[in-house]
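Residues per chain are reported as follows:
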Amino acid sequence: MAALVFAALILVIFNFARDPTVLRAQDLAPSALWVTITFASVTALNRAFAVELDHGALDGLLLAPVGREAIYLGKLLGNLLFTGLVQAITIPLFVLFFNLDLHGTLPAILLLAFLATVGFTAVGTVFSALTARVQFNELMLPVLLLPFMVPPLIGAAQVTSKLLAGRPLADSAGWLQILVTYDIVFLTLSVLVFPAVLDE
Amino acid sequence: MTSSSSLSASSSFPQSSTSSAVVAARKSIRLGQALTVLALVALAAHYVRAIQYTPIEATQGLAQKIFYVHVPAAWSAFLAFGILGVCSALFLWLHDRRLDLFAEASAEVGTVLTLIVLTTGPLWGKPIWGTWWQWEVRLTSTLFLFFLMVGYLTLRRSIFDPLERARYSAVVGILGAMLVPFIHLSVYMFRTIHPKPVILNPEGPTLPGSMLSTLLEGVAIMTVMYLGLVLVRYGIGRLQDEKEARHAAQG
Amino acid sequence: MLLRAEPPANGGFMVAAYALVAVVLVVYAVTLFLRARGLVAEVKE
């Protein structure tokens, strides 16, 4: 809930933090949307392992006869669902606040959102487990994760901007390739390194 | 909740016999110091060559010569980071604590090199591009290198158990190393679509032979500089590690 | 005949950059050498 309010507030701030005569809502919109999603997701990821940690459930999970990879995938899915939920509400808000005409690009934008989110959530899930037991973890997680959010963010913002300008998705093939490659690489790597994050 | 097992008892993170660790550390330090001094002297010679004997670029003037320290520094910063990535991956596979210590050394030296790139960059950019900063591929990638290395070192400082610290840093190291190609690619694509008007092309359409050879000399020198510094820093890390192990054994 | 203009007088930037690189590397190297010396004296075989 807090993540949602946070997201809404950021959108509001973006709208007022510009000179409307110079910057059209449509030009600002992609950046605003993606920055918002980024920060809301980081907030969500910060809490991802906190609950288990507080209740000692992490040790219980480790004792269970479930592979480490399964724990990761489970966590990943959970995080994706959560960020998906935040986005499901943020995106309509964004269309509303920025008075956008989507020209039927919604499916493409949703696809984009999914691709970008998988990428950084894959890494974010690893980092949230890692920073859960580290000092200053509220700060450590964003510090470590934000660089990883940049390539998906650039790709998503660029493609969104093209889509809103009425260009077909095919025009953004290059960016989409980068996004997909990023997802594959980091999902694979994350699954491979995640066991190292859980104690022996 | 840190593990309470003593450092040397942990079988998955073995300590080499203590005196061999100290001997190895000392050797590393001696070799590193020799290489560093060699590199510093060579750097001075390189300065002379770059300033005196390499032609001045007619349209860009003397400031173009910053190129001969900026690019080599960038090369060795990326080398440092690449080695950090490799050591991190190897560590997760082999659990050899020396790999962890070398990664840490590489991160610290790399951070210094990155700072050099990020400060000489604007000093070059202002006279050549007209702006202190541009979001172009090399500078942006180096900036990310800086963030990643600082994040890596900060993380290390917040974990007190050596095994946990080594494992977690290795995870960050590997993921970080894989990120850099994507940053590079994304910025490149971004620049291709939104090119900034570059008044002068700093590297020129082709680099004349004399400039290229000076540049390559710079690269060689900075590579040796990296090696020297990292070996000293690695030796320091091993001695530190040994010192902590002895305290833990006594306490 | 093409008249070539004088290259811009921006040597100051070069001097600053070269000085910076030298200072940073020397200072860092000295820091490392001192740390090493301290530890080598302290941690005996």
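Above this note sits the structure.
Figured I'd write up the structure that's included with this text. (Residues numbered from 1 in each chain as written. Chains lettered and ligands numbered in written order. Predicted model: local features only at pLDDT ≥ 70, side-chain atom pairs only at ≥ 80, totals over all residues.)

1. Quick look at the overall build of chain B
Inclusion rule: Under the scheme used here, helices are H or I runs from DSSP no shorter than 4 residues and strands are E runs no shorter than 2 residues, and both carry numbers assigned from the N terminus. Exposed residues have 12 or fewer other C-beta atoms within 10 Å of their own C-beta, buried residues have 20 or more, and partly exposed residues fall in between, where C-beta atoms are placed from the backbone. We call two residues in contact when the distance between their C-beta atoms, placed using the backbone, is within 7 Å.
Scanning chain B for helices and strands turns up six helices and zero strands. Tracing chain B from N to C terminus, the helices and strands come up as α-α-α-α-α-α. For chain B, with 251 residues in total, the buried portion stands at 49%. Pairs at least 24 apart in sequence give 84% of the contacts found in chain B among residues at least 6 apart.

2. Some thoughts on the overall build of chain A
Within chain A, the secondary structure is distributed over eight helices and zero strands. Order of helices (α) and strands (β) in chain A, N terminus to C terminus: α-α-α-α-α-α-α-α. Expressed as a percentage of its 200 residues, the buried residues of chain A come to 42%. The long-range share in chain A, meaning contacts at least 24 apart out of those at least 6 apart in sequence, stands at 83%.

3. Focus: the interface of chain C and chain B
Applicable threshold: All residues other than Ala, Val, Leu, Ile, Met, Phe, Trp, Tyr, Cys, Pro, Asp, Glu, Lys and Arg, Gly among them, are scored as polar; the first ten of these are nonpolar and the last four charged.
Each side of the interface is counted separately: chain C has 27 residues, and chain B has 39 residues. Partitioning the side of chain C that touches chain B into residue classes produces 21 nonpolar, two polar and four charged.

4. Some words on the interface of chain A and chain B
Each partner contributes residues to the interface: chain A has 25 residues there, and chain B has 25 residues. Elements with a minimum of two residues in the side of chain A that touches chain B: helix H6 (106-131), helix H7 (137-164) and helix H8 (173-197) of chain A. Residues that form the side of chain A that touches chain B fall into these classes: 21 nonpolar, three polar and one charged.

5. A word on H8(A)
Residues and elements named next belong to chain A. The cut-off we apply is this: To estimate how far a helix should extend, the number of its residues minus one is multiplied by 1.5 Å. Two axes enter the definition of the bend at a residue: one is fitted to the seven residues ending there, the other to the seven starting there, and the bend is the angle between them.
Counted at 1.5 Å a residue, the expected span for H8 with its 25 residues is 36 Å, and the 35 Å between its end C-alpha atoms agrees. When the local axis directions of H8 are compared, the greatest deviation, roughly 30°, occurs at Val191, which is followed within four positions by the proline Pro195. Taken together, the buried positions of H8 are occupied by Trp175, Ile178, Leu179, Tyr182, Asp183, Phe186, Leu189, Ser190, Val193, Phe194, Ala196 and Val197.

6. Some thoughts on the environment of A:Lys162
Residue and element names in this part refer to chain A. Tracing the sequence through the fold places Lys162 in helix H7. Of the residues examined, Lys162 has 19 C-beta atoms within 10 Å and is grouped as partly exposed. When the C-alpha atoms of Lys162 and Thr125 are compared, they prove to be 30 Å apart, with 37 residues separating the residues in sequence. Discounting chain neighbours no more than four positions away, the residues touching Lys162 are Arg167, Asp171 and Ser172.

7. Looking at the packing of helix H1 (residues 2-16) of chain A against helix H5 (residues 68-97) of chain A
Residue and element names in this part refer to chain A. Put simply, the rule reads: Helix axes use the C-alpha atoms of the stretch in contact, all axes being lines fitted to C-alpha atoms, and the angles between their N-to-C directions lie in the range 0 to 180 degrees. Orientation labels follow simple angle bins: below 35 degrees gives roughly parallel, above 145 gives roughly antiparallel, 65 to 115 gives roughly perpendicular, and whatever is left gives oblique. Each crossing gets its handedness from the near helix: less than a right angle anticlockwise from the far helix is left-handed, clockwise is right-handed.
As a packed pair, H1 and H5 sit with axes 10 Å apart at the nearest point and diverge in direction by 25°. The angle between H1 and H5 falls in the class roughly parallel. The hand of the H1/H5 crossing is right-handed. For the pair H1 and H5, the contacting residues are Ala3, Leu4, Ala7, Ala8, Leu11, Val12 and Asn15 in the first and Val86, Ile89, Thr90, Leu93, Phe94 and Phe97 in the second. Split into classes, the residues belonging to the contact of H1 with H5 amount to 11 nonpolar, two polar and no charged.

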